[in-house]
Amino acid sequence: MSDEIERNSRALIGALIEVYETLRLICTNLPIPITLPKQETEFDGATGIQAVSRLVEIIEDQPINDFEKSMIWAAALHWLAACKLISRYLNYSADRVSRMEIELLIQQAGEALIAYLDGEEETDTP
């Protein structure tokens, strides 16, 4: 069971990092760029939570359409919820429900970013 928990933990953290990096790149390319710290070597959840929390507060000021704002906002909030739940999962490793909650939140964050990118592509097409 311990190996399974370790694999699940690494997979969840890897998925969090992947969504965070996508969000970070999108924010860098906004009309008014928002810089989220790059996760250089090891994932720093505290720094990520602080940066993404700030993003949630300031995304409304971006000169982009409401759909794009709402997709970034939704992705950020889903990511924050998943990131905060990860500590519960790591402290209570047998908590399969926490793992499922985290997986769902990560998936929803990713889907919101995909919707943002799809919407962005549609507005660029003549």
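Details of the structure are given in the entry above.
All figures in this text were calculated on a predicted structure; none of them were measured in a lab.

**Focus on the overall build of the chain**
Alright, step 1. A tally of regular secondary structure across the chain gives four helices and zero strands.
Alright, step 2. Going residue by residue from the N terminus, the α and β elements of the chain occur as α-α-α-α.
Alright, step 3. Taken over the C-alpha trace, the chain has a radius of gyration of 15 Å; the compact-globule value for 126 residues is 14 Å, and the two agree within 12%.
Alright, step 4. Among the 126 residues that make up the chain, the fraction classed as buried is 41%.
Alright, step 5. By element, 53% of the accessible surface of the chain is carried by carbon and sulfur atoms, the whole surface being about 7400 Å².
Alright, step 6. The positive charge centre, built from 10 side chains, and the negative charge centre, built from 22, are 8 Å apart in the chain.

**Quick word on the packing of helix α1 (residues 2-28) against helix α2 (residues 45-58)**
Alright, step 1. Closest axis-to-axis distance for the α1/α2 pair is 12 Å, and the angle between their directions is 45°. Here α2 runs oblique to α1, going by the angle between their axes. As for how α1 packs across α2, the hand of that crossing is left-handed. Contacts from Y20, L23 and C27 in α1 reach G48, A51, V52 and L55 in α2.
Alright, step 2. Residue composition of the contact of α1 with α2, grouped by class: six nonpolar, one polar and no charged.

**Thoughts on the packing of aromatic side chains**
Alright, step 1. Under the definition given, this model contains one aromatic pair.
Alright, step 2. Here the aromatic rings of Y20 and W79 are separated by 5.4 Å at their centres, their planes lie at 40°, and the arrangement is tilted. Of this pair, Y20 sits in helix α1 while W79 sits in helix α3 (residues 66-91), and the two are 59 residues apart along the sequence. Exposure class is identical for Y20 and W79. Each is buried.

**A few points about α1**
Alright, step 1. Between its terminal C-alpha atoms α1 stretches 39 Å, which fits the 39 Å expected from 27 residues at 1.5 Å a residue.
Alright, step 2. Of the residues making up α1, those classed as buried are I5, N8, S9, L12, L16, V19, Y20, E21, L23, R24, I26 and C27.

**Details of the pattern of salt bridges**
Alright, step 1. For the structure shown, the criterion picks out six salt bridges.
Alright, step 2. Ionic pairing is found between E57 and R54, a salt bridge with its closest N-O pair at 3.4 Å. Linking E57 with R54, this pair stays in helix α2, spanning three residues, or about one helical turn.
Alright, step 3. Note on E57: relative accessible area 56%, which makes it exposed.
Alright, step 4. We classify R54 as partly exposed; its relative accessible area is 47%.
Alright, step 5. Close ionic contact of R88 with E101 constitutes a salt bridge, the shortest N to O distance being 2.4 Å. Remark: E101 occurs in helix α4 (residues 96-124) and R88 occurs in helix α3; sequence separation between them is 13 residues.
Alright, step 6. E101 gets classed as partly exposed once you look at its relative accessible area, which sits at 31%.

How each quantity is defined
- Residues numbered from 1 in each chain as written.
- Predicted model: local features only at pLDDT ≥ 70, side-chain atom pairs only at ≥ 80, totals over all residues.
- Heavy atoms only, no water.
- Helix = DSSP H or I, 4+ residues; strand = E, 2+ residues; numbered from the N terminus.
- Rg over C-alpha atoms; globule rule 2.2 N^0.38 Å.
- Buried < 20%, exposed > 50% of the residue type's maximum accessible area, 1.4 Å probe, protein only.
- Areas by Shrake-Rupley, 256 points an atom, 1.4 Å probe, with all protein chains shown as cover.
- Lys, Arg positive; Asp, Glu negative; His and termini not counted.
- Charge placed at Lys NZ, Arg CZ, Asp CG, Glu CD.
- Axes fitted to C-alpha atoms, helices over the stretch in contact; angles between N-to-C directions.
- Parallel < 35°, antiparallel > 145°, perpendicular 65-115°, else oblique.
- Left-handed = near helix turned anticlockwise from the far one by under 90°.
- Contact = heavy atoms within 4.5 Å.
- Nonpolar A, V, L, I, M, F, W, Y, C, P; charged D, E, K, R; others polar.
- Phe/Tyr/Trp six-rings, centres within 6.5 Å; stacked < 30°, edge-to-face > 60°.
- Expected span 1.5 Å × (residues − 1).
- Salt bridge = Lys/Arg side-chain N within 4 Å of Asp/Glu carboxyl O.

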